[in-house]
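Chain and residue survey
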Amino acid sequence: MAVSSERIREIDISRQARVLRFLRFTDYLLVVLCGTWLLNLVTLPFIDHDMRQSEGLIFTVIAVAVLSFNVYTGWRHVGVIDERVWRSHLLAFPLLILFCVTVAASTLFMAFGNDGGMNLEDYQTISGFFGACWLLVGATIGFISVLLLRRMRPETFGVPLVELLRDLRIRRGKRAIDVTSIKRVNAPRGIVIGVVGGIILLGVALAPLPDDLSTARPVMQISQQLSLVGYFLLIRARRYFQVSADSLLAADKRKPILFLRSFEDDEKVKFNISERALLDFSLETRLSNHFTYFGPFIAIGSPKEAIPQLGAARVILSDREWQPKVMAWMEAASVVVMYSGKTQWVTWELAKLVNTERVPKLILMIPEVKGWRSGTRFSDISARMEHVREAFRNTKWFAPLAAFENCADVRAMLFRSDGSLIVIKSRPRNRDSYHLAALIAHSILLDQSGAALVGISGPLRGQRLPVDKEIHRVGSASDNDLVINGDAYVSRFHACMFYENGNLSIADQRSTNGTFVNGNRLRNGAVTVNAGDQIGIGRSLFEVAHAESEDRPRAA
């Protein structure tokens, strides 16, 4: 089956995903390792009387300031891709490099200043030296990564990555959950569990270690297990602070953003990786961090889970209730984010989006497929794509879907109203590749969530006029959305444009001289117009175009 390359637009983010993998590695270094050093330094003057002397106290104050800034910067970067944090990284990493060089050099100087040289059995000295070296390498890699990211632009996308992220940031609103008192699942229980987990981690961080290496090893193993318990409890505590979808929708009146997926694709808490999961629990939590700024991020919850998973605000419904609820949310949603799945009901949800013509507002993602064997992953992804193709059979998107073969690298897909596809792909499989694909897809949707009129003749000739409201009134009166002055053939309230589900239509409002589409006068009812169509209003002529990113305000 031959399909024109114009029907499939591919955006490759492999380079950005690789660099983000290195930068994400520094989150653990900044938050956990720097945080542990910070706690030890804060308590050191109370334990070691020599540190209360002027020189030791000055070093401690400077070190606490540097480490505090690095911990704060690392925490801000957890679960997000934000160019503002990268600016902080440009200061945090050099400070950390300078600090680590100082610590490593002073450790070597004091060790070899002794007659016996460095004692390899001194666990405190060895761990301090190698810890400083470890942070030094990580900070250097992180600094280089940020410099590269600030210069990158995704292939075939044409917009620098920094500019794309900045544009998304200025478009977002406030998170209702930050400004409104919303009832949580069980906040008191979450506080208790969180406090217990925090006490365990604090005790592990502040507990003194034996100087003898042979004794310190078993103590460290016990400490690691206790740390996992603490991290696991903190993750559990966070789940009790989740809100229900109904409560969130009652507080946040913006259009919702619907998250659809199979329950089997929900991330599960695993004890042995709870340390890493605390900082970056799942792709869903990352999506929630982003989309919550654009509307309530909601989903159907699994009836098997008494406590909701971290991420979207959930509601648990019966078998009789969930389908009507999903249909209502599909209609109300400004964006639908969906994981492709292999189950009957995920396919049903996708088919409903297709049948109700809501595909233009869909971001279809391939979820993180686990497993080290490439064959197993490819089989899983291929099965998901087959379900997608089946849902789009007999539609204008089926031909490009059937022709697209490299499904293993797909991270997100968009379906344009003209029947073409936008495929965002990445060879690296790190979580940042999925996350960045979702951000790019959302940016494209926002750029296309409206249309523009380009003035061909008349008073507004040469101007580009965005149409980004659901109801856009046109006329000579000053209270119209598009005011046409200087044209005596334009009525006060001449025409009305409607933008819904990616479709633009126009209706005449009983104007004196009529409204024309491609030379044909409109009669009763609204007529759908597409990019390239010409609209005549009075002596003014406009051409319909897709909204471009430059039609929207940008950050200074």
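What you see is a predicted model; the values in this text were computed from it and never measured. Going along each chain's sequence as written, the residues are numbered from 1 onward. Thresholds applied to this predicted model are a pLDDT of at least 70 for local features of residues and 80 or more for the giving and counting of side-chain atom pairs; totals over whole chains, interfaces and linings are not thresholded and use all residues. To get the side-chain values, take all heavy atoms of the structure and skip hydrogens and water.

1. A closer look at helix α12 (residues 322-332)
Whether a residue is buried, partly exposed or exposed follows from its accessible area with a 1.4 Å probe, protein chains only, as a fraction of its type maximum: under 20%, in between, or over 50%, in that order. Every helix listed is a DSSP run of H or I at least four residues long, and every strand listed is a run of E at least two residues long, numbered separately from the N terminus. Within the span of α12, buried status applies to Trp322, Val326, Trp329 and Met330. Along the axis of α12, the buried residues cluster in a sector spanning 105°; they form a single face. The elements touched by buried residues of α12 are α9 (245-251), β2 (257-260), β3 (297-300), β4 (313-315) and α13 (344-355). Arc definition: it is the arc formed by the directions from the helix axis to the C-beta atoms. In this analysis, two residues are considered to be in contact whenever any of their non-hydrogen atoms come within 4.5 Å of each other.

2. Remarks on α13
Multiplying one less than the number of residues by 1.5 Å gives the expected span of a helix. For α13, spanning twelve residues, the distance from its first C-alpha to its last is 16 Å, which sits close to the expected 16 Å at 1.5 Å a residue. Where α13 is buried, its residues meet β2, α12, β5 (335-339), β6 (362-365) and α14 (374-391). Following α13 by one or two positions, Glu357 has its phi on the positive side, about 60°.

3. Examining the pairing of strand β9 (residues 451-457)
For two strands to pair, DSSP has to find at least two bridges joining them. Direction of pairing for β9 relative to strand β10 (residues 464-467): antiparallel, over a ladder of four bridges. Across the sheet, the residue bridging to Leu453 is Leu465, located in β10. What sits between the antiparallel neighbours β9 and β10 is a turn of six residues, in which Gly458 has the positive phi angle 100°.

4. A short note on the nonpolar core
In this description, a nonpolar core means a group of buried Ala, Val, Leu, Ile, Met, Phe, Trp, Tyr and Cys residues linked to one another through side-chain atoms lying within 4.5 Å. Counting 64 residues, the largest nonpolar core has Trp86, Leu96, Leu287, Val337, Ile363, Met365 and Ile440 as its most contacted members. Per-element tally for this core: the top contributor is helix α16 (residues 431-448), with ten residues. Trp322, Met338, Val388 and Cys407 belong to the second largest nonpolar core, which has 43 residues in total.

5. Re the side chain of Asn430
Among the structural elements, Asn430 can be located in the loop between β8 (421-425) and α16. Given the relative accessible area of 11%, Asn430 is considered buried. Only 3.0 Å separates the side chain of Asn430 from the backbone oxygen of Ala17, close enough to count as a polar contact. Excluding anything up to four places from it in sequence, Asn430 contacts Ala17 and Arg21. Two N or O atoms count as a polar contact when they lie within 3.5 Å, although within protein this holds only if one can serve as hydrogen donor and the other as acceptor, and sequence-adjacent residues are included solely when both atoms are side-chain atoms.

6. Some words on the packing of α13 against α14
Each axis is a line fitted through C-alpha atoms, taken for helices only over the stretch in contact, and angles between the N-to-C directions span 0 to 180 degrees. Where α13 contacts α14, the two axes come as close as 9 Å, and the packing angle between them is 35°. As for how α13 packs across α14, the hand of that crossing is right-handed. The segment α13 lies against α14, with Thr347, Leu350, Ala351 and Val354 engaging His387, Val388 and Ala391. Looking at the contact of α13 with α14, its residues break down into five nonpolar, two polar and no charged. Should the near helix be turned counterclockwise from the far one by less than a right angle, the crossing is left-handed, whereas a clockwise turn marks it as right-handed. For this classification, Asp, Glu, Lys and Arg are treated as charged, while Ala, Val, Leu, Ile, Met, Phe, Trp, Tyr, Cys and Pro are nonpolar and the rest, including Gly, are polar.

7. Side note on a nonpolar patch on the surface
Each patch is assembled from residues with relative accessible area greater than 30% and no salt bridge, linking like charges that lie within 9 Å and nonpolar side chains (Val, Leu, Ile, Met, Phe, Trp, Tyr) that lie within 5 Å. Method for areas: the Shrake-Rupley scheme with a 1.4 Å probe, in which residue coverage is limited to the protein chains shown. A carboxyl oxygen of Asp or Glu within 4 Å of a side-chain nitrogen of Lys or Arg is what we treat as a salt bridge. Together, Ile191, Val195, Ile199 and Phe241 line one region of the surface with nonpolar side chains, adding up to about 360 Å² of accessible area. Considering the arrangement of structural elements, one finds Phe241 in the loop between α8 (213-239) and α9. Phe241 sits in the partly exposed class, given a relative accessible area of 32%.

8. Observations regarding the environment of Lys325
Topologically, Lys325 is positioned in helix α12. Those residues in contact with Lys325 that lie beyond four places of it in its chain are Asp246, Ile300 and Leu317.

9. Re the sheet that holds β3
The eight strands are arranged β1-β8-β7-β6-β5-β2-β3-β4 in an open sheet whose pairing can be described as mixed. The open sheet is flanked by β1 (8-12) and β4, the only strands paired with a single partner. Each adjacent strand pair in this sheet contributes to an overall mean axis angle of 20°, direction not counted. Sheet topology places strand β7 (residues 410-415) next to β8; five bridges connect them, and they run antiparallel. Paired with Met413 across the strands is Val423, a residue of β8.

10. Here's the deal with unusual backbone geometry
Positive phi outside glycine occurs at Glu357, with the angle close to 60°. By the secondary structure assignment, Glu357 is in the loop between α13 and β6. Taking the relative accessible area as the measure of exposure, Glu357 reaches 56% and is therefore exposed. Residue Asn394 is not a glycine yet carries a positive backbone phi of 65°. Here Asn394 lies in the loop between α14 and α15 (398-403).

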